Amino acid sequence: MRRIISKKYFMKHYFVLGMIFLLLLFTRIGQAQERLDLSAQIPIVAWYGIRANEATVERFKELKEAGFTINFSEYSSLEEVEKALDAAHKVGVQLIIACPELRKEPEKTVRKFMEHPAVAGYFLRDEPVVADFAALGDWAKRIQAVDNRKFCYLNLFPTGGEEHLRFLGVQNYRDYITRFNKEVPLPFLSFDHYPVLGDNVLKAEWYENLEDFSDEARKIGKDFWAFALATKHGPYPVPTRASLRLQLYSNLVYGAQGLQYFTYWTPAGDSFYDYQHGPIGLDGKRTEVYDLVKDMNAEIRSIAGIFLGAKVLSVRHTGSVIPRGTTRLTTLPEKVKVLDTHGYGAIISLLENGGKKYLAIVNRSLMDTMELTFYADPSVKRVLKDGSLVSAESYTATLLISPGDILIYLLEK
């Protein structure tokens, strides 16, 4: 029998369906608004990247899939540089170029490559002492006179004891940074410090180095880039997820605007360094570290927009003993009522970016999970690693943070 539906029933039925549709639509819009736009991507450099004889599209694709945006390798000729640039460009990777011709004929070499879209910058040298600064400054000026759109790049020594400082040619490490900046006009600063020793021991001076370097960069008004160690050598162990996290997240919460891994391809070593377990092994095949690095870079990409362009308002530390050269947390940020770390201790960084204030908490331990007790104003949101926002009140008061890992809150919009 044919069913007869009244006009009144028809209108009522579709009115209810329409209201349900609108409710679902507004719910989804509300959910979409509870996600940060973190599309900005931080530079991630592969040091000792793809070798000249391996500079193929497939190899650069593999490097990109691991989360790297820039490859740094020293090549022996202009032809090797050009081949690598062409292959890298096809997959969207850039190169910091280095070859003998860049030193011998900088203007001519820069003119040859400056319009290539895969050129990120020009490499000068690694870890100079003060006596090298004048010549490096002249070299950088010659390059920048031809191409000031790309950066000139070199990496500075870390801090050290009195003998190391005498070797650098300074009385203190901050003087090393400021003298370099005056004599070598580069757009940003970079330094390496590999803090994790065998048996998961952290160097006592590492955070002091981060304090000094980030503070001097801030005073100068320049960004800084920093490193994580991805290859076992000398006294340094095979990296773990915790050691990579601790290095990378510590760099970020201190304000690093570029991240670098030493190394990507395992170098041929000697009896002392004996390089092992880089992401790509001596045989050209992936090691277990490749997957660790790939995971870490994916994790960082999802939250990099919080840190890229951020202003660091303060960095403090908790724990029964705080690292040398750092400052203890004594005052909580506005809207935070309780912040208590149980265990080894944490880095507490307050950042501002795009009109928003963030609180980042990094577990400073390489071995132990940390308990965090956290109470805050109801407006405070937790930032998950996919960029989504959830009310901090939705979580229990005490949370666990894995070794080296980070927890982020949005305090103010």
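Residues numbered from 1 in each chain as written. Predicted model: local features only at pLDDT ≥ 70, side-chain atom pairs only at ≥ 80, totals over all residues. Heavy atoms only, no water.

Enquirer: Explain the overall build of the protein chain to me, please; I cannot follow it from the model alone.
Expert: Scanning the protein chain from N- to C-terminus turns up 11 helices and 19 strands. When the backbone C-alpha atoms are referred to their principal axes, the protein chain occupies close to 90 × 55 × 40 Å. For the protein chain, with 413 residues in total, the buried portion stands at 52%. Residue pairs in contact within the protein chain that sit at least 24 positions apart in sequence constitute 73% of those at least 6 positions apart. By element, 52% of the accessible surface of the protein chain is carried by carbon and sulfur atoms, the whole surface being about 19500 Å². (Helix = DSSP H or I, 4+ residues; strand = E, 2+ residues; numbered from the N terminus. Buried < 20%, exposed > 50% of the residue type's maximum accessible area, 1.4 Å probe, protein only. Contact = heavy atoms within 4.5 Å. Areas by Shrake-Rupley, 256 points an atom, 1.4 Å probe, with all protein chains shown as cover.)

Enquirer: What is the right way to look at the layout of surface pockets in this model?
Expert: Empty pockets left among the atoms are what a rolling probe the size of a water molecule brings to light. Considered as a void within the structure, the largest pocket measures approximately 520 Å³ in volume. Lining the largest pocket are 26 residues; nearest its centre among them are Glu-127, Asp-192, Tyr-194, Tyr-236 and Tyr-273. Taken together, the residues of the lining of the largest pocket break down into 13 nonpolar, seven polar and six charged. (1 Å grid on protein atoms, 1.4 Å probe; cavity = no way out; pocket = protein on both sides within 12 Å on 5 of 7 lines; lining within 4 Å. Points joined across faces, edges and corners; volume = space filled by probe spheres on them. Nonpolar A, V, L, I, M, F, W, Y, C, P; charged D, E, K, R; others polar.)

Enquirer: Please explain the pattern of salt bridges as it appears in this structure.
Expert: Pairing between side chains of opposite charge can happen when the charged atoms of each approach one another. Enumeration according to the criterion identifies 22 salt bridges in this entry. The residue Arg-174 makes a salt bridge to Glu-216 at a minimum N-O spacing of 2.6 Å. You can see Arg-174 sitting in helix H8 (residues 173–183) and its partner Glu-216 sitting in helix H9 (residues 206–220), a full 42 residues away along the chain. Taking the shortest distance from any N to any O, the salt bridge between Glu-216 and Lys-219 comes out at 3.7 Å. Here the residue Glu-216 and the residue Lys-219 both occupy positions in helix H9, the gap between them amounting to three residues, near one helical turn. In the salt-bridge network here, residues are joined through shared partners; they are Arg-174, Asp-212, Asp-215, Glu-216, Arg-218 and Lys-219. (Salt bridge = Lys/Arg side-chain N within 4 Å of Asp/Glu carboxyl O.)

Enquirer: It is not clear to me how the sheet that holds strand E16 (residues 381–383) should be interpreted in this structure. Could you clarify?
Expert: Backbone-to-backbone hydrogen bonds join strands into a sheet, with any given pair of strands oriented parallel or antiparallel. A sheet is described by the order of its strands in space; here six strands give the open sequence E11-E13-E14-E19-E16-E17, paired in antiparallel fashion. For this open sheet the edge positions go to strand E11 (311–317) and strand E17 (389–391), each flanked by a neighbour on one side alone. Each adjacent strand pair in this sheet contributes to an overall mean axis angle of 25 degrees, direction not counted. Pairing analysis gives six bridges linking strand E14 (residues 356–363) to strand E19 (residues 406–412), with the strands arranged antiparallel. Looking across to E19, one finds that Ala-360 is bridged to Ile-408. Packed on one face of the sheet, helix H11 (residues 288–307) meets strand E13 (346–353), E14, E16 and E19 and runs near 40 degrees to E19. (Pairing = 2+ DSSP bridges. Axes fitted to C-alpha atoms, helices over the stretch in contact; angles between N-to-C directions.)

Enquirer: What am I meant to see in the confidence of the model for the protein chain here?
Expert: Any region with low pLDDT has predicted coordinates that should not be read closely. On average, residues of the protein chain carry a pLDDT of 92, and 92% of them reach 70 or more. Under a pLDDT of 50 for its full length, residues 1–7 has, in the predicted model, one contact with residues more than four places off or in other chains. Within the model, the stretch residues 24–33 combines pLDDT values under 50 with zero contacts to residues more than four positions away or in other chains. (pLDDT = per-residue confidence, 0-100.)

Enquirer: Just to check I follow, could you spell out the sheet that holds strand E5 (residues 151–155) for this structure?
Expert: Within the open sheet, the eight strands sit side by side as E5-E4-E3-E2-E1-E10-E9-E6. Their pairing is parallel. Edge positions in the sheet fall to E5 and strand E6 (188–190), since each has one partner strand and no second. Taken pair by pair, the neighbouring strands of this sheet meet at an average axis angle of 30 degrees, ignoring direction. By the bridge criterion, three bridges tie E6 to strand E9 (residues 223–229) in an arrangement that is parallel. Residue pairing in the sheet places Leu-189 in a bridge with Phe-224 of E9.

Enquirer: Any chance you could explain the pairing of E19 here in plain terms?
Expert: Each regular strand displays side chains that alternate between the two surfaces of the sheet. E19 sits mainly inside the fold: six of its seven residues count as buried. With three bridges connecting them, E16 and E19 associate as antiparallel partners. Along E19, the bridge assignment pairs Val-383 with Ile-408.

Enquirer: Looking at this structure, how should I read helix H3 (residues 78–91)?
Expert: Relative to the 20 Å expected for 14 residues at 1.5 Å per residue, H3 spans 21 Å between its end C-alpha atoms, a close match to the ideal helical length. For H3, the elements touching its buried residues are helix H2 (57–65), strand E3 (94–97), helix H4 (100–104), helix H5 (106–113) and strand E4 (119–126). Just beyond H3, the residue with positive phi is Gly-92, at close to 85 degrees. (Expected span 1.5 Å × (residues − 1).)

Enquirer: It is not clear to me how unusual backbone geometry should be interpreted in this structure. Could you clarify?
Expert: Excluding glycine, most residues fall at negative phi; most peptide bonds, likewise, are trans. A cis amide bond links Phe-262 with the next residue in sequence, Thr-263, at an omega value of 0 degrees. Tracing the chain through its elements places Thr-263 in the loop between strand E10 (258–262) and H11. A positive phi angle, near 55 degrees, is found at Asn-200, a position not held by glycine. Examined against the element boundaries, Asn-200 turns out to sit in the loop between strand E7 (196–197) and strand E8 (201–202).

Enquirer: Looking at this structure, how should I read the nonpolar core?
Expert: Nonpolar side chains in soluble globular proteins tend to be buried together. Core analysis: the largest hydrophobic core is formed by 101 residues, its most contacted members being Phe-60, Phe-224 and Tyr-261. Examining the composition of this core, we find that 10 residues originate from one element, H11, more than from any other. With 19 residues, the next largest nonpolar core counts Ala-346, Ile-361, Met-370 and Leu-399 among its residues. (Core = buried A, V, L, I, M, F, W, Y, C linked by side-chain atoms within 4.5 Å.)

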